[in-house]
Amino acid sequence: MRTSALNRRLAAAAASLLVLGLLPGTAADAVVPAASQAAKPQVDKLNRGVVSVHTAAGNRVGWRLLADDPPGVAFNVYRDGTRVTGTPVSGPTSFLDTGAPAGARYTVRAVVGGAEVMSAFAAEESLTLDSGVAAGTRDIPIQPPAGGTTPDGVSYTYAANDASAGDLDGDGQYEIVLKWDPTNSHDNSQSGYTGDVYVDAYKLDGTRLWRIDLGRNIRAGAHYTQFQVFDYDGDGKAEVAMKTADGTRSGTGQVIGSASADYRNSSGYVLSGPEFLTMFSGQTGAAVSTVNYDPPRGTVSSWGDSYGNRVDRFLAGTAYLDGSHPSLIMSRGYYTRTVIAAWDFRNGALTERWKFDSNSAGSQYTGQGDHQLAIADTDGDGRDEIVFGAMAIDDNGSPLWNTRLGHGDAMHVGDLIPSRAGLEEFKVDEDKSKPAAWMADAKTGQIIWQNASCNCDNGRGVSDDIYAGSPGAESWSSAVSGLLNTSGQNIGRKPSSTNFVIYWDGDAQRELLDGTHIDKYGTGGDTRLLTAS
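Residues numbered from 1 in each chain as written. Predicted model: local features only at pLDDT ≥ 70, side-chain atom pairs only at ≥ 80, totals over all residues. Heavy atoms only, no water.

Novice: Report on the domain arrangement of the protein, specifying residues and quantitative values.
Specialist: Under the domain assignment used here, the protein contains domain 1 (51-129) and domain 2 (408-532). Using C-alpha coordinates to define each centre, domain 1 is positioned 35 Å away from domain 2. (Domains from an automatic or database assignment.)

Novice: Now, about the sheet that holds strand 37 (residues 500-502): what can you tell me, with residues and values included?
Specialist: One open sheet accounts for four strands, arranged 37-38-39-40; its pairing is antiparallel. Strand pairing shows two members of the sheet lacking a second neighbour, strand 37 and strand 40 (527-531), which therefore form its edges. The average undirected angle you get between the axes of adjacent strands in this sheet is 35°. Pairing of strand 37 with strand 38 (residues 511-514), which is carried by three bridges, proceeds in the antiparallel orientation. Note that in strand 38 the partner of I502 across the bridge is E511. (Pairing = 2+ DSSP bridges. Helix = DSSP H or I, 4+ residues; strand = E, 2+ residues; numbered from the N terminus. Axes fitted to C-alpha atoms, helices over the stretch in contact; angles between N-to-C directions.)

Novice: Which residues make up the sheet that holds strand 8 (residues 115-117), and what values go with them?
Specialist: Taken in spatial order, the four strands make up an open sheet running 5-4-7-8, and their pairing is antiparallel. Among the strands making up the open sheet, the edge pair consists of strand 5 (82-83) and strand 8. For strand 4 (residues 74-79) and strand 5, the ladder comprises two bridges, and the chain directions are antiparallel. Across the sheet, the residue bridging to R79 is T82, located in strand 5.

Novice: I'd like a rundown of the side chain of D370, residues and numbers included.
Specialist: Take D370: it is sitting in the loop between helix 2 (358-361) and strand 25 (374-376). D370 gets classed as buried once you look at its relative accessible area, which sits at 0%. Among the polar contacts made by the side chain of D370, one reaches the main-chain amide nitrogen of G408 at a distance of 3.0 Å. For D370, the contacting residues outside a window of four places in its chain are L315, Y334, G389, G406, H407, G408, D409, A410, M411 and K427. (Buried < 20%, exposed > 50% of the residue type's maximum accessible area, 1.4 Å probe, protein only. Polar contact = N/O pair within 3.5 Å; in protein donor to acceptor, adjacent residues only side chain to side chain. Contact = heavy atoms within 4.5 Å.)

Novice: I'd love a proper account of the pattern of salt bridges, names of residues and values included.
Specialist: The final tally for this structure, using the stated rule, is 33 salt bridges. Between D370 and K427 there is a salt bridge, and its shortest N-O distance comes to 3.3 Å. In this pair, D370 sits in the loop between helix 2 and strand 25 while K427 sits in strand 30 (residues 424-428), placing the two residues 57 residues apart along the sequence. Residue R510 pairs with D464 through a salt bridge whose shortest N-O separation is 3.5 Å. You can see R510 sitting in the loop between strand 37 and strand 38 and its partner D464 sitting in strand 33 (residues 461-464), a full 46 residues away along the chain. Residue classification places R510 among the partly exposed residues on the basis of a relative accessible area of 23%. Overlapping salt bridges, with partners in common, bring together K243, E275, R297, D312 and R332 in one network. (Salt bridge = Lys/Arg side-chain N within 4 Å of Asp/Glu carboxyl O.)

Novice: Outline unusual backbone geometry, listing residues and values.
Specialist: As a rule of thumb, non-glycine residues mostly have phi less than zero, and peptide bonds are mostly trans rather than cis. Cis geometry is found at the peptide bond from D294 to P295, where omega equals 10°. Backbone geometry at N347 places phi at a positive 55°, although glycine is not the residue there. Within the secondary structure, N347 sits in the loop between strand 23 (339-346) and strand 24 (349-357). You can call N347 exposed: its relative accessible area is 83%.

Novice: An account of the UniProt feature "domain: Rhamnogalacturonan I lyase beta-sheet" (unreviewed entry) in the protein is requested, with residue identities and associated values reported.
Specialist: Mapped onto the present numbering, the UniProt feature "domain: Rhamnogalacturonan I lyase beta-sheet" (unreviewed entry) falls on residues 42-120. Helix makes up 0% of residues 42-120 and strand 42%, whereas the separation of the span's terminal C-alpha atoms amounts to 17 Å. (UniProt positions renumbered as here; feature names shortened; annotations may be inferred.)

Below, the structure is given as C-alpha cells:
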C-alpha cells in the first residue's frame, strides 16, 4: 500500500491488523489432500490480540481465533481482572460488555472441555480504542528521518510509504515495519538522484526498535525495494528481508560492503556495483545473512532498455513451497526477461532453493509479469505456487501454465468463484491487442471469461466480494464499465476506486481502500468510513 500522505503518524487499522490477521501467508480455506498433511505448516505464534472499542453501548471486545484452537473452543472474557461473561462465549470471537467504561482493560481465556487454558504469553493487555474517532483506530507515533540534499542540489524530506506487520520480538503481538521514501523518489522511467531509503520497526505504542539505512546505492522508488516480514526460521520471531548494496547500514550499525562506494551515474541511476540480498533480525535490525542477489543485473539492455528502467523491476513474496516451511521469493524483471528465485533461511543462513529464468525456460515466458506477484496453492497439493501475472510457476520452480496474454498492472488471486472448485485469477492487460481483463482457473490458466479489448492500457483492476447482493467476488477495472459478477456479467455501478480492498467494518464483505481513505460500496454510491491523515 502506498501511504506517502501519512506524514508523522501511521494509522493502524486494529480490526484488520490485530483481529483478522491470524495466519499471514497461509491459505486457510485451501483444500489440502491427506497425503500433504503429514507436516503441519509453520505458523505465527500469536497472542489473542484482544481489542476493545468503546461505544455508546459499552465496549465491543474482539480477539483472535488461533490455528491450534480445537473445535468447540469457547472463551471467558475478563475486564480489569474480573470475569464479565456469565457463560463462555462460543461462535464469533466478539463480546459486547454492556455499559462498560472507556479505558477498561480486557483479557480473554480459552475454555476447552469446561476448563480454562492459560495463555502461552505472560501479558496480553488489550488494545483500547474509541469508536468516536476515525471509526475505531489508533495512531502509532513514527519518526521521520532527517531530510537532505542530493548532489545536484535538490532538497528532500521524508514521507511514510509501504508497511508490513510481523511479530519481531516473539511477544505474540505484531510490530510494524515501515519504509520511508524521500520526497524526490523516482519511478524507474524517470532520471534523477534520490535520497536514501530507510526501513524502521515500531511497536504499537510507537517505540522504535531499529532503523535500517539502505544507503546511496539503493535508489528510491516504487519498484526498487520490496521487503518481506516473516518468521522464516521458525524461532517465533519474524525476520525482515530485502535487497541491499554497498553502504547499507543495519539496525545495529553494521555496514554491508563498502561504506564509501558510490555507483550512482549522472542521471541518478545505479547500474553498476555489487547487489546483495540480506536477511535482517526483526528483533534488532542486525544483518544476519547476506548473499549476492540472484540474478545480477548483468548487461542492462538485456532486460529491455539501456537506461535503467526495466532492469530494476523487483517483486517479492513468501511461499510454503514444501507445504510446511516458508521460503522467500525474490524476482527481477517482468517486461521482457523474468527471473524468480526461491530462498530458504535456516540456521542463520540464506540458501537458494531454486531459480526460474525465462532465458532458459523459453521466450514464451518473457513479458508475462505484472507489478505484483501472488502466492497461492493453485493446484491443491498443499504447496504454494507463484502466480506471476499471466503465468504461474510451480512449487519446484518449473512452469505450471502460461496464458501468454502478457504484462498488466494488476491482478487478484483467490476463491473468487465459490461455485467452482479451486482458485481463480482476475487480471487486467496492458497490450491493446489482448482482452481488457480476464478471469482464469488458477490451476490450469484456462480462461473462464474475458472482456473485449479496450484498445488501451487497462491500468487497474480489482476482484473481491464487496457486495452482499451477489455471491462470490465482484470484479471491475478502469476501462470496463460496471461491476461484474462471477460470470462476467454487469450487475451495477462500478465502485469509486479501483485500487485495494480491506476488511474494515466487521461484516463479510471487503471495503474499498484507496490512498488514505476507506469506503463502503453501495449500489447507489459509496460511503466514506475513514479518512486518515
